[in-house]
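Notes for the structure review
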Amino acid sequence: MAEIAIEIAGRQYKVACRDGEEQNLRHAAEMVDAKGREALAGLGALSEGRTLLFASLLLADQLIEKRGVVSPPPSMPPDPQVVRRVDALAERLELLAAKLEKEVASA
């Protein structure tokens, strides 16, 4: 196993991969980094999780456009109560992640 350092939207990560796959991983990281920076430029400051979320959504959108795949429209609008619960859960997860990052940094 090889381990390489990559940077995504200004944050450093160490990632393991199979021997010989380092260049592919670097290329993939460059693509994710570009989309992460695009998300930050368009939306401003984001948590690490949201940056990676939007980067992955932008990449998926790019793949869909290249393939010409059109997603079917949703059959029903989302339930507002479910949307509120998901938003609250996402907020709680971001607070927890920030707390853990702070604890790791101070350790």
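Residues numbered from 1 in each chain as written. Predicted model: local features only at pLDDT ≥ 70, side-chain atom pairs only at ≥ 80, totals over all residues. Heavy atoms only, no water.

1. Regarding the pairing of strand E1 (residues 2–8)
Residues of E1 alternate between two faces, with Ala-2, Ile-4, Ile-6 and Ile-8 buried on one and Glu-3, Ala-5 and Glu-7 left unburied on the opposite face. Pairing geometry for E1 and strand E2 (residues 11–17), over seven bridges, is antiparallel. Bridge pairing in E2 links Ile-4 to Val-15. Taken together, E1 and the strand that follows it, E2, pair antiparallel across an intervening segment of two residues, in which Ala-9 is found at a positive phi of about 50 degrees. (Buried < 20%, exposed > 50% of the residue type's maximum accessible area, 1.4 Å probe, protein only. Helix = DSSP H or I, 4+ residues; strand = E, 2+ residues; numbered from the N terminus. Pairing = 2+ DSSP bridges.)

2. Considerations on the side chain of Asp-33
Within the fold, Asp-33 resides in helix H1 (residues 22–43). Looking at Asp-33, the relative accessible area reads 16%, which means it is buried. If near-sequence neighbours (up to four positions away) are discounted, Asp-33 is found in contact with Glu-7, Ile-8, Ala-9 and Gly-10. (Contact = heavy atoms within 4.5 Å.)

3. Overview of the side chain of Lys-35
Note that Lys-35 resides in helix H1. Assessed through its relative accessible area of 16%, Lys-35 is described here as buried. Residues within four places of Lys-35 in sequence aside, it is in contact with Ala-55, Leu-58, Leu-59 and Gln-62.

4. So, helix H2 (residues 48–67)
Across its 20 residues, H2 extends 29 Å between first and last C-alpha, which sits within 8% of the 28 Å expected from 1.5 Å per residue. Taken as a whole, H2 has its buried residues at Thr-51, Ala-55 and Leu-59. Along the axis of H2, the buried positions cluster into a sector of 65 degrees, meaning they face one direction only. Seen from the buried face of H2, the exposed residues on the opposite side, beyond 90 degrees, are Glu-65 and Arg-67. Contacts from the buried residues of H2 go to H1. (Expected span 1.5 Å × (residues − 1). Arc of directions from axis to C-beta.)

5. Points about the nonpolar core
Across soluble globular proteins, you tend to see nonpolar side chains buried next to one another. Among the nonpolar cores identified, the biggest contains five residues, and these are Ile-4, Ile-6, Ile-8, Ala-9 and Ala-29. With three residues, the top contributor of residues to this core is E1. Excluding residues within four positions of it along the chain, Ala-9 makes contact with Asp-33, Gly-36, Arg-37, Leu-40 and Thr-51. (Core = buried A, V, L, I, M, F, W, Y, C linked by side-chain atoms within 4.5 Å.)

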